[in-house]
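Structure at a glance
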Amino acid sequence: METMQHAVVRRSANYQSNVFTIFMDEKGRSKHEPPYSTEKKGRTSIGHTRKINIAACSTRFNINNTYMETTMQQAEIRRSANYQPSVCNHESIHSLDSDYKQYLCWWNNLGLGKKLSFSRDLLAESFMWAAEVFYQPQYAYTRFCVAQLIQFVTTIDDVYDVYGSREEVELFTDVIQRWDINAMGHLPNFMELCFLALFNSVNDLGYNTLKEHGCNIIPFLKKLFGDLCKRYLKESQWYYEGYTPTLAEYLSNAWVTIGVPAILSCAYFSMKHEMMESGLEIVNSYPDVIKWSSIINRLCDDLGTAKDEMARGDVPKSVQCYMHETGVSGEAAREHIKDLIQEAWKKLNKELVCDSPLPRAFVEATMHTARTFHGFYQFGDGFASNRDITTAKFKKLLVEPLPI
């Protein structure tokens, strides 16, 4: 079963064969042992079952690699011979259902959605993203934290793009960078609420990490969200100045404003592994495995949302920046962005098969994040606009059984 999981995960990562040639011998075989054990397992958890389901329903496949084809064949043989998948048990389903109810209860008690009526309420989408990436039962706390942060990042993005004036977002950025509740007295009420809610939730993660691991991550979290909001402010300044950056200039800022570096970094500290302190500086530096995942997320988001987001008051996205820079048509620009996505996948795939000082589970989560976003935006904006698509996927994730 583990081999099968390896095959499905690799299959869902949009792999390209030429990425792996440096890792093969002259006969086309892998130079490395597979990272998963081939020991047979008798049952499948709800996380694994749903992972296969989502990989099947939301991702394009492109497998030409000899090693991966062999692994898939081995997995299929094992399944036909002695792999007996089980129907998801009621306890597992109840666990995910309870997680989602806990998340809804947190948001309702926070009251931020009622007070900030201009902000998008993407609770189901946020939870589905978290559950697709951190699907294993042991990551219930991580799912909760990630779902929280996705909704917070969405809300803060709307503060900068939709509701805050130029002067207000400058004040808000300053308060975030200070990370000091005593500095928020000059903020308008809606920004006070937003900052204090974020401050308390992020500091909760810091407290739990200190309690469980003896590692104080509050200074890192302060820097993380300060950097995010500083880059939101830059996009806001571009908008007010009517400035269209080059594609390279845009991406150097936008791969962070997609929010993935902040979300994945916080997820790292919520995963309760043994490399908490040793990995702090690595995560703090935004390693390539986070960067390439974030770039995939950003470019997929831009292809699916640029028109709607610019109508809401956002800056030109990657397609528009490339059109402005080169004078090409919209169709040619979109094809160029798709090529950049493929190149970023190759970079991320290479990071996945190389040795990393970070925990393997976290490295894989960066790939799952890119795959999940690619699925959300494959047919337009499946995260915030095309709710019918998202609802159907949500049902496949949490409601409908997997056909065997």
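Residues numbered from 1 in each chain as written. Predicted model: local features only at pLDDT ≥ 70, side-chain atom pairs only at ≥ 80, totals over all residues. Heavy atoms only, no water.

As recorded by an unreviewed UniProt entry, the chain carries the name Terpene synthase metal-binding domain-containing protein and is attributed to Aristolochia fimbriata. The heading Pathway (unreviewed entry) in the UniProt record of the chain holds the text "Secondary metabolite biosynthesis; terpenoid biosynthesis." Check the Cofactor (unreviewed entry) section of the UniProt entry for the chain; it says "Mg(2+)". (UniProt positions renumbered as here; feature names shortened; annotations may be inferred.)

1. Comments concerning the pattern of salt bridges
On inspection of all chains with the given rule, the structure shows 12 salt bridges. Where D174 meets R178, a salt bridge forms, and the shortest distance between an N and an O atom there is 3.2 Å. Placement of both D174 and R178 in helix α8 (residues 166-178) is noted, with a separation of four residues, approximately one turn of the helix. K338 serves as the salt-bridge partner of E335, at 3.5 Å between the closest nitrogen and oxygen. Of this pair, E335 and K338 are both found in helix α16 (residues 330-353), three residues apart, which corresponds to roughly one turn of the helix. Judged by relative accessible area, which is 37%, K338 ranks as partly exposed. Connected via shared salt-bridge partners are R120, D157 and D158. (Salt bridge = Lys/Arg side-chain N within 4 Å of Asp/Glu carboxyl O. Helix = DSSP H or I, 4+ residues; strand = E, 2+ residues; numbered from the N terminus. Buried < 20%, exposed > 50% of the residue type's maximum accessible area, 1.4 Å probe, protein only.)

2. Some thoughts on the confidence of the model for the chain
Summarising the model, the chain shows a mean pLDDT of 76, and 68% of its residues fall at 70 or more. Across residues 27-90, confidence stays below pLDDT 50; counting only partners more than four residues off in sequence or on other chains, it has 128 contacts. (pLDDT = per-residue confidence, 0-100. Contact = heavy atoms within 4.5 Å.)

3. Considering α8
When the terminal C-alpha atoms of α8 are compared, their 19 Å separation across 13 residues agrees well with the 18 Å that a helix rising 1.5 Å per residue should span. Among the structural elements, α7 (140-163), α9 (189-213) and α10 (218-241) are those in contact with the buried residues of α8. Looking one or two residues past α8, W179 carries a phi angle of roughly 55°, positive in sign. (Expected span 1.5 Å × (residues − 1).)

4. Section: the nonpolar core
Counting 103 residues, the largest nonpolar core has F172 and F225 as its most contacted members. Those residues within four positions of F172 in sequence are excluded, and the remaining contacts are I156, Y160, L187, M191, C194, F195 and C229. (Core = buried A, V, L, I, M, F, W, Y, C linked by side-chain atoms within 4.5 Å.)

5. Quick word on the packing of α16 against helix α17 (residues 360-376)
Contact geometry for α16 and α17: axes closest at 10 Å, N-to-C directions at 160°. Between α16 and α17, the crossing angle belongs to the class labelled roughly antiparallel. The handedness of the crossing between α16 and α17 comes out as left-handed. For the pair α16 and α17, contact is made by I341, W345, L348 and L352 and by R360, V363, E364, T366, M367, A370, R371 and H374, respectively. Per-class residue counts for the contact of α16 with α17 are seven nonpolar, two polar and three charged. (Axes fitted to C-alpha atoms, helices over the stretch in contact; angles between N-to-C directions. Parallel < 35°, antiparallel > 145°, perpendicular 65-115°, else oblique. Left-handed = near helix turned anticlockwise from the far one by under 90°. Nonpolar A, V, L, I, M, F, W, Y, C, P; charged D, E, K, R; others polar.)

6. Observations concerning the environment of Y141
The residue Y141 is located in helix α7 in this model. In sequence terms Y141 and A267 are 126 residues apart; their C-alpha atoms lie 9.4 Å from each other. With residues up to four places along the chain from it excluded, the contact list for Y141 reads D204, L205, N208, S270 and K272.

7. Points about the packing of aromatic side chains
Given two aromatic rings, one states the distance between the centres and the angle between the planes to describe the pair. Taken as a whole, this structure holds 23 aromatic pairs when the rule is applied. Ring geometry for W255 versus Y286: centroids 5.5 Å apart, planes at 80°, classification edge-to-face. Remark: Y286 occurs in the loop between α13 (280-284) and α14 (288-312) and W255 occurs in helix α11 (residues 247-257); sequence separation between them is 31 residues. One exposure class covers both W255 and Y286, and it is buried. A ring pair is formed by Y268 and F269, whose centres lie 5.3 Å apart and whose planes are at 85°; its orientation type is edge-to-face. Each member of the pair Y268 and F269 is classed as buried. Among the aromatic residues, those joined into a cluster by ring pairs are Y100, Y103, W106, W107, F127, F144 and F152. (Phe/Tyr/Trp six-rings, centres within 6.5 Å; stacked < 30°, edge-to-face > 60°.)

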